[in-house]
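# Observations on the model geometry
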Amino acid sequence: MNWTAVAAIYRFEMARFFRTLMQSFLSPVLSTSLYFVVFGAAIGSRIDQVEGVSYGAFIVPGLVMLSVITQSISNASFGIYFPKFIGTVYELLSAPISFLEIVLGYVGAAATKALFIGCVILFTASLFVDFTIAHPVAMVAFLVLTCLSFALLGFILGIWAGNFEQLQLVPLLIVTPLVFLGGSFYSISMLPPVWQTVTLFNPVVYLISGFRWSFFGMADVSIGFSLAAIALFLCTCLAVIWWIFKTGWRLRG
Amino acid sequence: MTAILSIQDLRKVYAGGFEALKGVSLDIEEGEILALLGPNGAGKTTLISTICGITTPSAGTVTVGGHDILTDFRAARSLIGLVPQEVALEPFEKVRNTVRFSRGLFGKPTDDALVENILRRLSLWDKKDSSIKELSGGMKRRVLIAKALAHEPRVLFLDEPTAGVDVELRKDMWDIVDELKKDGVTIILTTHYIEEAEAIADRVGVINNGELLLVEDKDALMGRMGQKQLEVHLSAALDAVPAALADYNLDLGKDGRSLIYTYDIRAERTGITRLLNDVAQSGLVLTDVNTQQSSLEDIFVGLVSEGKP
C-alpha cells in the first residue's frame, strides 16, 4: 500500500478546498440561513410541531443531509473529472499506485470536505434553533457513512462523465429530487398512504430518517433499516468502483 | 550493457479495432538516448502510453529494470518518468507544490532539497511560488519535466518535448537531456524534428503504421545509408554527360552547368581523384566544387515512403 501517494492526493485535493475556502463556506452558510428564514420562520411558524419536535429543529437533520450529500457528490465528481478534463490524469495512471489508493485519496478528501461543511451547517443551524442530539455517536457515524458513500457515488459520476453537462446531470436530475422528496422537510407520516409506500423506494429516506433518529430519537423507518440501507448503498458503490478498476472503464484506453 | 527496458511483440488494438501497435520488439540499454521518429499517427505516443500504464497492451510483454509492467507495475513504474506531449498541469497549483505532489504520488518521501535542485536545474527556482497559469508555454514544459524527474526515475520518456517550442528553448531542452544522460538516465524521446534526433540521440528508431521499421545506432545508420554527393560546377552548360565520363554514373545538374557524382563515404576508394582528373582532361573548365551529405531526414523520408503500401 502506497500511503505516501494516498496522502499526496489527499493533501492536493484539500489544498484546492482551502484555496476556495470562502466560497466553500459562504455558500452553505447562506443557503442554510435562507432555509431557516423561509421554512423555519415563515412556514414553520404556521406548523406547530412535527411528532413532538418544533418544525425549525425538525428540518435540521434534513438540511445537513441535503448539503452533505450534494457536497460529497460534487467534490468527488469534480475531483476526478477535472484531471481527466485538463489531462493531468496521465500522472495518476502512470504512477506506481493502485486504483484503491486513488479512490482513498480522492474520496477521502471529498468526504472530509463534505463532513466539514456538514459541521458548519449544524453550527449555523444552532444559531437559529435549539436542538439536542440524542445519540451523538450514531449521528457522527451516519454523517461519516453518508459522506463516504456519496463521495464514492460522486467518484463514479466523475469517471463516467464525458463533459461538464453530464457532471451536473445526475446531481441535478436524480440526487436533488431524491433528497427533497426524502423527507428533509417533512415526516413521511404527513404524506397520503400511497405516497408513503412510493417514498419507501427512495434510498435517501432511510438516510434522513436514521440521521433524524440520532437527533430526536424518532424515525420514519426503523434504525436497523436505515443502517442496512446505507450499508447496501456503500457496498454497491464499492462494487461499481471495483469493476471500474478492473476494466479501466473510461480511464485507461 | 544491459537492457533496462525490454519490449517483446507489443500489440495494441483500440476498442474501435484500430491496430496502433503491430508487434513492436525493442531493447533499450541503460544510459542511452533513443529517438523514436515517425509521422503523425505512427504509434509513437501509443507505444509510450502503453509502457507507462496509461493504456493497456493487447498482447506482448514489457519489462522495466526486469519488472513486468502489468504483474509488477509498482516496481516498473517507479523507475519511469513521463513528460507527456500535451501540456497538462493543474492551473491554480504552485510550481513547487506540483513537483512535490508528483514525488509523493510515486511514494517517495518529501525531499525539499531535491525539489529545489530540480527546479534550479530547470531554471524554475525563481518561479517556485508562481501559479502554473502565470507561466509561459516554455516554462510549463519545464514544469512537466520537473514533475517527471521528481521521483528520480531511471528511464525518462519525453513525448515530443520540443513540439511548438522556440529555437532557444529547444537548445535548452537538448542541454537538459545531455545533463540527464550524464547522470545515467536512460532517455526515450519521440520527435518530429529529425535534427533533434541527429543532435542528441545515440540510437534512432523509425516507427510507422504501428511497426518499428528499424532501430540502429545513429552514426552507423547515417554511415550505412548516408550518401555523399560531389557537385562540380562548370563554366559552360552541357547538353549531356560527356562520353569520356560515362563510367562515373554522373547526373547532369540544373541548366547543365554542373555534374553530380554520388559516392559512398565509407568506401575504400571514393573515386574523387580520378574523376576530377578525368573531368580536367576532358577539357571542361571548373568554376566551383561542393559536397553534400544526406541527412537523417533524407533517410527517414526514404524509409517511411518505402514502408507505405
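Residues numbered from 1 in each chain as written. Chains lettered and ligands numbered in written order. Predicted model: local features only at pLDDT ≥ 70, side-chain atom pairs only at ≥ 80, totals over all residues.

### Digging into the overall build of chain B
Summing up its helical and strand segments, chain B has ten helices and 14 strands in all. Taken against the 2.2 N^0.38 rule, which gives 19 Å for 309 residues, the C-alpha radius of gyration of chain B at 25 Å runs more than 25% over that of a compact globule. Dimensions of chain B, computed from C-alpha atoms along their principal axes, come out at roughly 80 × 45 × 40 Å. Taking all 309 residues of chain B together, 37% fall into the buried category. Of all intrachain contacts in chain B linking residues separated by at least 6 positions in sequence, the fraction that spans at least 24 positions is 71%. (Helix = DSSP H or I, 4+ residues; strand = E, 2+ residues; numbered from the N terminus. Rg over C-alpha atoms; globule rule 2.2 N^0.38 Å. Buried ≥ 20, exposed ≤ 12 C-beta atoms within 10 Å, placed from the backbone. Contact = placed C-beta atoms within 7 Å.)

### Examining the domain arrangement of chain B
One can read the domain layout of chain B as domain 1 (3-223) and domain 2 (228-293). Inter-centroid distance (C-alpha atoms) of domain 1 of chain B to domain 2 of chain B is 46 Å. (Domains from an automatic or database assignment.)

### Focus: the interface of chain A and chain B
On the side of chain B, 26 residues touch chain A, which itself brings 20 residues to the contact. Going through the elements one at a time, α1 (3-19) and α4 (89-94) of chain A are the ones with two or more residues in the side of chain A that touches chain B. Per element, the largest residue contribution to the side of chain A that touches chain B is six residues, and it comes from α1(A). When its residues are assigned to classes, the side of chain A that touches chain B shows ten nonpolar, seven polar and three charged. (Nonpolar A, V, L, I, M, F, W, Y, C, P; charged D, E, K, R; others polar.)

### Re the nonpolar core
As a rule of thumb, soluble globular proteins bury nonpolar side chains together. Y106(A), V107(A), A151(A), F155(A) and A146(B) are the most contacted members of the largest nonpolar core, which has 140 residues in total. If you tally residues by element for this core, the top one is helix α3 (residues 55-86) of chain A, at 16 residues. Ignoring any residue separated from it by four or fewer positions in sequence, one finds A146(B) in contact with V99(B), I118(B), L119(B), L122(B) and L124(B). (Core = buried A, V, L, I, M, F, W, Y, C linked by C-beta atoms within 7 Å.)

### A word on helix α7 (residues 164-180) of chain A
All names here are of chain A. Here α7 is 17 residues long and its end C-alpha atoms lie 23 Å apart, about the 24 Å a rise of 1.5 Å per residue gives. Roughly 30° is the biggest bend found in α7, and it falls at L172. Structurally, α7 contributes buried residues whose contacts are with α3, α6 (136-160) and α9 (203-216). (Expected span 1.5 Å × (residues − 1). Bend = angle between axes of the 7 residues up to and from the residue.)

### Things to note about the packing of helix α2 (residues 21-43) of chain A against α3(A)
All names here are of chain A. α3 packs onto α2 with a crossing angle of 150° between their chain directions and a minimal axis gap of 11 Å. As for how α2 packs across α3, the hand of that crossing is right-handed. From α2, P28, T32, Y35, F36, F39 and G40 reach across to α3, where they touch Y55, G56, I59, L63 and S67. Looking at the contact of α2 with α3, its residues break down into seven nonpolar, four polar and no charged. (Axes fitted to C-alpha atoms, helices over the stretch in contact; angles between N-to-C directions. Left-handed = near helix turned anticlockwise from the far one by under 90°.)

### Some details on the sheet that holds strand β8 (residues 186-191) of chain B
Residues and elements named next belong to chain B. What the six strands build is an open sheet, ordered β6-β7-β8-β3-β9-β10; its pairing is mixed. Since the sheet does not close on itself, it has two edges, and those belong to β6 (80-83) and β10 (211-217), each with one partner. Pairwise comparison of adjacent strand axes, ignoring direction, gives a mean angle of 15° for this sheet. Its contacts with the sheet place helix α1 (residues 44-52) against β3 (33-37), β6, β7 (155-159), β8 and β9 (203-208), and it is angled at close to 145° to β7. Here helix α5 (residues 137-149) sits on the sheet and contacts β6 and β7; the angle it forms with β6, its principal contact strand, is near 170°. (Pairing = 2+ DSSP bridges.)

### Side note on the confidence of the model for chain B
In low-pLDDT regions, the fine details of the predicted coordinates are not to be read closely. All names here are of chain B. With 98% of its residues at a pLDDT of 70 or more, chain B shows a mean pLDDT of 89. Summarising per-element confidence for chain B, the mean pLDDT is lowest in helix α10 (residues 296-307) (74) and highest in strand β5 (residues 67-68) (97). Of the two predicted TM-score estimates for the complex, the pTM is 0.84 and the ipTM is 0.87. (pLDDT = per-residue confidence, 0-100.)

### Focus: the sheet that holds strand β12 (residues 251-252) of chain B
Strands belonging to one sheet form pairs held by backbone hydrogen bonds; the direction of such a pair is parallel or antiparallel. Residues and elements named next belong to chain B. Ordered in space as β12-β13-β11-β14, the four strands form an open sheet in which the pairing is antiparallel. This sheet does not close on itself; its edge strands, each paired only once, are β12 and β14 (286-293). In the sheet, β12 pairs with strand β13 (residues 258-264) via two bridges, with the strands oriented antiparallel. Among the inter-strand pairings, L252 is bridged to a residue of β13, identified as L259.

### A word on α5(B)
Residue and element names in this part refer to chain B. With 13 residues, α5 should cover 18 Å at 1.5 Å per step; its first-to-last C-alpha distance of 19 Å lies within 8% of that length. Within the span of α5, buried status applies to R141, R142, V143, L144, I145, A146, K147, A148 and L149. Lining the buried residues of α5 we find β6, α3 (95-105), α4 (112-121), β7 and α6 (167-182).

### So, the environment of G162(A)
Relative to the elements of secondary structure, G162(A) occurs in the loop between α6 and α7. Sequence separation between G162(A) and I73(A) is 89 residues; the distance between their C-alpha atoms is 16 Å.

### Regarding the pairing of β8(B)
All names here are of chain B. Of all six residues making up β8, six are buried, and the element is well covered by its neighbours. Covered by surrounding structure in β8 are T186, I188 and T190 together with I187, L189 and T191, the residues of both alternating faces. As paired strands, β7 and β8 are joined by five bridges and run parallel to one another. Paired with L156 across the bridge in β8 is I187. This β-α-β element, β7 to α6 to β8, shows right-handed connectivity. (Right-handed = clockwise from strand over helix to strand, strands pointing away.)

### Examining the pairing of strand β1 (residues 3-13) of chain B
Residues and elements named next belong to chain B. Here β1 pairs with strand β2 (residues 19-29) via eight bridges, running antiparallel. Residue L10 lies in a different strand from β2, and its bridge partner there is V24. Between β1 and β2, which follow one another and run antiparallel, lie five residues, and G17 among them has a positive phi close to 100°. Note: β1 against strand β4 (residues 59-64), five bridges, orientation antiparallel. In the sheet register, Q8 faces β4, and the bridge partner there is T61.

### A few points about the packing of α1(A) against α3(B)
Two numbers describe how α1(A) lies on α3(B): the axes approach to 7 Å, and their chain directions differ by 150°. As far as their axial angle goes, α3(B) and α1(A) are roughly antiparallel. Contacts between α1(A) and α3(B) involve T4(A), A5(A), A7(A), A8(A) and F12(A) from the first element and F101(B), G104(B) and L105(B) from the second. For the contact of α1(A) with α3(B), the class distribution of residues is six nonpolar, two polar and no charged. (Parallel < 35°, antiparallel > 145°, perpendicular 65-115°, else oblique.)

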